[in-house]
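This is what each chain is made of:
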Amino acid sequence: MIFEELKAIQRQYGYLPVEQLVALSKRINTPLYRLHGVASFYPHFHLTPPARADVRVCADMSCHLRGACELRASLEQQFQGASGRDVSIREVSCLGRCDAAPGLSINDRIYTEVSDTQAEALVQSVLANETLPEPPREHGRVECASDPYRGGEKYGVLRRLVQTCDWEGVLAALESSGLPGMGGARFPTGKKWRGARAELGAEKYIVCNADESEPGTIKDRFILAHLAHLVVEGILIGGLVIGARKGYLYIRHEYAEQEKILEEEIQRCQREGLIGPRILGTDLSFELEIFVSPGGYICGEESALLEAIEGKRAEPRNKPPFPIVKGLWDKPTVINNVETFINVPQILARGVEWYKAQGQGGAAGLKFIGVSGDVRRPGVYEVPMGTPASELIFHHAGGLPEGKKLKAFAPSGPSGGYLPASMADVRMDFKSLIEAGSMLGSGALVVCDDATCMLDMALNAVKFFRNESCGKCVPCRVGSQKMVDLLTGWTQGKGSPTDYALVEDLSDALALTSICGLGQVVPAPIASVLKHFREEVEAHLLRRECPAGVCFSRAQDGAARVSGIARAT
């Protein structure tokens, strides 16, 4: 209720006026401090009137590699004389368009692959009171190997299950397949569902986490557009198996097109009697609701996501208890990622052996990998789990631009750190990447060419975590800022080799004492750069030299601000 009320006020006024918050507090009998606490937490809400042209340029990894800093600098220079009431230009965390970088948002409309001239024209349109053009729609839907219903009737697994009620058969198949959580946590899906089913009580919930917000992570956006029916079917199967009667599909607010596709899919299921009371004439019932996130990377953490659905600030809970015991509104709750849910109908329709045979090198299943950064054909690719990173980079994504060589790649966005080109043949599966000192995580493969400064990229990644920390726990709130300060000093010639020990101590404190995974992975980018690109870091510290020619020359030009190291933090 709180979110819908706040959104309604903001739609009417463009922001949340104090008097409207006071009136809302009285109307819904909720303390004003709670409303303000919620509104001030989420980036989607404005407590003061925004500029007429509210411009936010994506600052993270893939956009950083594809000219976002230069784009922002150009806009700042072009509109430097404009009033703050007319034009506001600032950075924003990942917009989920890494395959079409650079991206920017103008008055909450997202535009991609934008040139300086195009961005300027969009801002001028707003200032001239012209209607902004609709952002181009994504490509038409494509067939995927993951879809067991190509050319046939959909929801076949669900239709059979409703008639047989073979819940144990579903759990046994999932356990036999070894299907892990595909959002990165890898917890066995069958084990999670069995645990939730065993919990007592008539009220349970199932939640689909479609809030991918980490730089480079775009696979769920693709899946929601092309395999929405499998997402919905997986949720329905899971809900019936664990004994839930209500489910939520939590989607980030930047995915408006995917939200519309899902709404249409849910309505279709309602018309066909697959959702609602008395499913297909049986005594089974289930309702599915879309919950649009008000913003924030931290919402991807499962317990923070639950707090958001409950109308609170998305601050992670201490664990235990875990959600399958005490989740949404303190009831047993299963939370799984989009890609986890689409695997369930595949396994049940085609069999466990089929699923296991789809992978390579001992891995199982098919995998969606988002490839972005310095490649010719960025995008989402459906490949066998265990496909080498080099095959994705050089075959599927077309290799690097002409004249460029591979220097590094991040297998899982900033969370997994960076690996050198010499490790490009590592297989993209959970086991292989852990052995390589990284992780598969959300399947976000970000590629860096030989003109990249890896210290600059580490700083860029750490800034993302600093910006997105919810601030609940001191280690993450203070430690992420301290890490940014240290690395900024290194890129500006202010560090020394004695800082290594401080970075190590700070990394240990963050990893051991942060409440959730965000704080724990803050050190990952710089730890990987120190491991694989130490000579490049030492060039900065010992000789005040950036081998890539990125840091010092750009840091001295405060007006241009064309590097992440020179941007205001």
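It should be emphasised that the depicted structure is a prediction, and the values quoted were computed from it without experimental measurement. (Residues numbered from 1 in each chain as written. Predicted model: local features only at pLDDT ≥ 70, side-chain atom pairs only at ≥ 80, totals over all residues. Heavy atoms only, no water.)

A short note on the confidence of the model for the protein
To keep it simple, the criterion reads: Across the chain, each position has a pLDDT score giving the predictor's confidence in that residue, from 0 to 100. Here, two residues are considered to be in contact whenever any of their heavy atoms come within 4.5 Å of each other.
Residues with a pLDDT of 70 or more make up 97% of the protein, whose mean pLDDT is 93. Throughout residues 554-569 the model reports pLDDT below 50, and contacts reaching past four residues in sequence, or to other chains, amount to 43 contacts.

Quick word on the sheet that holds strand β2 (residues 87-92)
The test is simple: Two strands are counted as paired when DSSP detects at least two bridges linking them. Each helix corresponds to a stretch of at least 4 residues labelled H or I by DSSP, and each strand to a stretch of at least 2 residues labelled E; elements are numbered beginning at the N terminus. Angles shown run from 0 to 180 degrees and are taken between the N-to-C directions of axes, each axis being a line fitted to C-alpha atoms and, for helices, limited to the stretch in contact.
Strand order in the open sheet formed by 4 strands is β2-β1-β3-β4, and the pairing between neighbours is mixed. Taken across any chain shown, the strands that pair with only one partner, and hence form the sheet edges, are β2 and β4 (109-112). Put simply, the sheet's adjacent strands are angled 25° from each other on average, direction ignored. Two strands pair when backbone bridges link them, and strand β3 (residues 103-106) and β4 are joined in this way by 4 bridges, in the antiparallel orientation.

Topic: the sheet that holds strand β7 (residues 287-292)
The pairing of strands in a sheet happens through backbone hydrogen bonds and is either parallel or antiparallel. If you walk across this open sheet you meet the 4 strands as β7-β6-β5-β8, and the pairing is parallel. Pairing within the sheet leaves two strands with one partner each, and these edge strands are β7 and β8 (333-337). Each strand axis lies, on average, 20° off the axis of its neighbour in the sheet, ignoring direction. By the bridge criterion, 6 bridges tie strand β5 (residues 205-210) to strand β6 (residues 246-251) in an arrangement that is parallel. From the neighbouring strand, A210 faces β6, where its bridge partner is I251. Seen against the sheet, helix α11 (residues 228-242) touches β5, β6, β7 and β8 and runs at an angle of roughly 155° to β5.

Brief notes about the nonpolar core
The cut-off we apply is this: For our purposes a nonpolar core is just a set of buried Ala, Val, Leu, Ile, Met, Phe, Trp, Tyr and Cys residues, chained together by side-chain atoms within 4.5 Å. Accessibility here uses a 1.4 Å probe with only protein chains present; expressed as a share of the type maximum, an area under 20% marks a residue as buried, one over 50% as exposed, and anything in between as partly exposed.
Core analysis: the biggest nonpolar cluster contains 73 residues, and L6, Y42, Y418, W490 and I526 have the highest contact counts within it. Among the elements that line this core, the one with the most residues is helix α18 (residues 454-468), at 9 residues. Excluding residues that lie within four positions of it along the chain, W490 makes contacts with L455, G495, D499, Y500, V503, I526, L530, V537, H540, L541 and F552. With 62 residues, the next largest nonpolar core counts L161, I235, C269 and V338 among its residues.

Examining the packing of aromatic side chains
The line we're drawing: Ring geometry is summarised as follows: Phe, Tyr and Trp rings, the Trp one being its six-membered ring, pair when their centres sit within 6.5 Å, and such pairs are stacked at plane angles under 30 degrees, edge-to-face over 60 and tilted between the two. Only when the NZ of Lys or the CZ of Arg is both within 6 Å of the ring centre and within 35 degrees of the ring normal is a charge said to sit over the ring.
A full pass over the atoms with the stated rule returns 14 aromatic pairs. Taken together, a centroid distance of 6.4 Å and an interplanar angle of 10° make the contact between F3 and F45 stacked. Of this pair, F3 sits in helix α1 (residues 2-13) while F45 sits in the loop between α3 (32-41) and β1 (53-58), placing them 42 residues apart in sequence. For the pair formed by F3 and F45, the shared burial category is buried. An aromatic cluster is defined as three or more aromatic residues linked by ring pairs; in this entry it consists of F3, F41, Y42, F45, Y250 and F291. Cation over ring: R252 sits above Y255, and NZ or CZ is 5.3 Å from the ring centre. A cation over a ring is seen here: R534 above Y500, with NZ or CZ 4.3 Å from the ring centre.

Here we look at the environment of H540
Take H540: it is sitting in helix α23 (residues 534-543). Setting aside residues no more than four positions away along its own chain, H540 makes contact with C453, L455, W490, T491, E545, C546, P547, C551 and F552.

Overview of a nonpolar patch on the surface
The criterion, for reference: What makes a patch is a set of residues exposed beyond 30% relative accessible area and free of salt bridges, joined within 9 Å when like-charged and within 5 Å when nonpolar (Val, Leu, Ile, Met, Phe, Trp, Tyr). Accessible areas in this description were obtained via Shrake-Rupley with a 1.4 Å probe; residue shielding takes into account the shown protein chains only. The term salt bridge refers to a pairing of a side-chain nitrogen on Lys or Arg with a carboxyl oxygen on Asp or Glu at a separation within 4 Å.
A surface patch of nonpolar side chains, about 230 Å² in accessible area, is lined by V18, V22 and L32. Here V18 is to be found in helix α2 (residues 18-27).

Let's talk about the pattern of salt bridges
By the definition in use, this model includes 32 salt bridges. We note a salt bridge from R27 to E5, for which the minimum N-O separation is 2.9 Å. One end of the pair, R27, is in helix α2; the other, E5, is in helix α1, with 22 residues separating them in the sequence. In this structure, R52 and D86 form a salt bridge, with 3.3 Å as the shortest nitrogen-oxygen distance. With R52 in the loop between α3 and β1 and D86 in the loop between α5 (68-78) and β2, this residue pair connects regions lying 34 residues apart in the sequence.

Brief notes about the domain arrangement of the protein
What counts is decided by this rule: Where a domain begins and ends is set by an automatic assignment or by a domain database. Defined in terms of a 1.4 Å probe, buried area is the accessible area two parts forfeit on being brought together, summed over both. For this analysis, a polar contact is any N or O atom pair within 3.5 Å, provided that within protein one partner can donate a hydrogen and the other can accept it, and provided that sequence-adjacent residues contribute only side-chain to side-chain pairs.
Per the domain assignment, the segments making up the protein are domain 1 (2-39), domain 2 (53-127), domain 3 (156-352), domain 4 (366-449) and domain 5 (458-563). The C-alpha-based centres of domain 4 and domain 5 are spaced at 23 Å. Listed by partner, the interface residues are 9 residues for domain 4 and 12 residues for domain 5. Across the domain 4 to domain 5 interface the summed buried area is about 860 Å²; carbon plus sulfur atoms make up 67%. Sorting the residues of domain 4 by area buried against domain 5 places K407, P414 and Y418 first, and these three jointly supply 59% of that buried surface. For the pair domain 4 and domain 5, the interface holds 1 salt bridge. With its nearest N and O atoms 2.9 Å apart, the salt bridge here joins E536 to K407. Linking domain 4 with domain 5 are 2 residue pairs in polar contact (both at pLDDT 80 or more). Broken down by secondary-structure element, the contributors of at least two residues to the side of domain 4 that touches domain 5 are β11 (406-414) and β12 (419-420).

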